[in-house]
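# Topology and contacts: notes
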Amino acid sequence: MRKKFIAGNWKMNLDSRTAGSLVQDLKEKIAQGNFACCLDVAVCPSFVYLPAVVEILQGSQIKIGAQDVYFEGNGAYTGEISVAMLKDIGCQYVIVGHSERRHVLGETDEIVNKKLNAVLTGGLEGILCIGELLEERENNQTEAVIERHLRQGLAGITAEQMSRVTIAYEPVWAIGTGKTASPDQAQQAHAFARGILADIYDSNLADSVRIQYGGSVKAGNAADLMNQKDVDGALVGGASLKAEDFMGIIQGGSGKSNCCCCG
Ligand code: PGA
């Protein structure tokens, strides 16, 4: 059975004070709920706040991810951050291929693949984002885009390394727009993505990979989305910036107001 995984992508938001109080609040709320046995939770602050967040979350069940990374190991790459640096400060996950990096900052599938390779080779876990633009959905290209993002993003990634990969299906038209994919639309896309994983690797491996949904997830729609057979959690933007909102999603994912296995 796949353990659900809910990650908050803070994007370029918050400051040292608000980031600090958000994680402090989450740490306390998560400790009270004891969700660890039924789902994994992570927060992904901007680079500059990572060390402070790592410090506050010492001893917490909440894990920490970065929003991006550079694929080279070290050297003359002004402004970039390496996998080793992220590992050094206590980061466990790295998001790669987020649609804002693809569509606002011009990242290609090839760059995304190099980044994921670097993350896995460097011993961290990757969250590979995939998903179509509105125009692509309207032109019936959703499946083609999912397939391309998976095949190109996962090029050269071994079956063994796949145990450290989470896929995040994030239809771009649903990100930050308040327009969530319906549970059916999400399930359909996730099942298709799992089929592609089975084709690239095998069906056992495909069954073990977690596929998060992302795009306007909030407390009110989290349970319906995550109740779908192939939806294994959520990558949350806007609603991860307030402890109460994020906790509502975590509770939706765990199926109860407390933990699904601890009662
Ligand atoms: P949103 O962002 O929840 O604000 O739509 C999701 C994401 O971009 O990961």
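The structure reproduced in this document is the subject of the present report. (Residues numbered from 1 in each chain as written. Predicted model: local features only at pLDDT ≥ 70, side-chain atom pairs only at ≥ 80, totals over all residues. Heavy atoms only, no water.)

A word on the pattern of salt bridges. Overall, the coordinates contain 19 salt bridges when judged by the stated rule. Here D232 and R2 are joined by a salt bridge, their closest N and O atoms 2.9 Å apart. Of the two residues, D232 sits in the loop between α10 (219-226) and β8 (233-236) while R2 sits in the segment before β1 (4-9), which places them 230 residues apart along the sequence. As far as the burial class goes, D232 and R2 line up, both buried. A salt bridge links D109 to R102; the shortest N-O distance between them is 2.8 Å. For D109, a relative accessible area of 9% corresponds to the buried category. Among the ionic contacts, a cluster of salt bridges with common partners joins R2, R194, K229, D230 and D232. (Salt bridge = Lys/Arg side-chain N within 4 Å of Asp/Glu carboxyl O. Helix = DSSP H or I, 4+ residues; strand = E, 2+ residues; numbered from the N terminus. Buried < 20%, exposed > 50% of the residue type's maximum accessible area, 1.4 Å probe, protein only.)

Residues in contact with the ligand amount to 13 residues; listed here are only the nearest, K11, H98, E170, G176 and S216. In this structure, an oxygen atom belonging to the ligand sits 2.8 Å away from a main-chain N or O atom of G237. Separating an oxygen atom of the ligand from a backbone N or O atom of G238 is a distance of 2.8 Å. Expressed as a share of its isolated accessible area of 280 Å², the protein-covered part of the ligand is 95%. At a threshold of 2 Å from the grid points, most atoms of the ligand map onto the second largest pocket. The residue inventory of the shell around the ligand, partitioned by class, reads four nonpolar, seven polar and two charged. (Near = heavy atom within 4 Å. Polar contact = N/O pair within 3.5 Å; in protein donor to acceptor, adjacent residues only side chain to side chain. Areas by Shrake-Rupley, 256 points an atom, 1.4 Å probe, with all protein chains shown as cover. 1 Å grid on protein atoms, 1.4 Å probe; cavity = no way out; pocket = protein on both sides within 12 Å on 5 of 7 lines; lining within 4 Å. Sits in = over half its atoms within 2 Å of the grid points. Nonpolar A, V, L, I, M, F, W, Y, C, P; charged D, E, K, R; others polar.)

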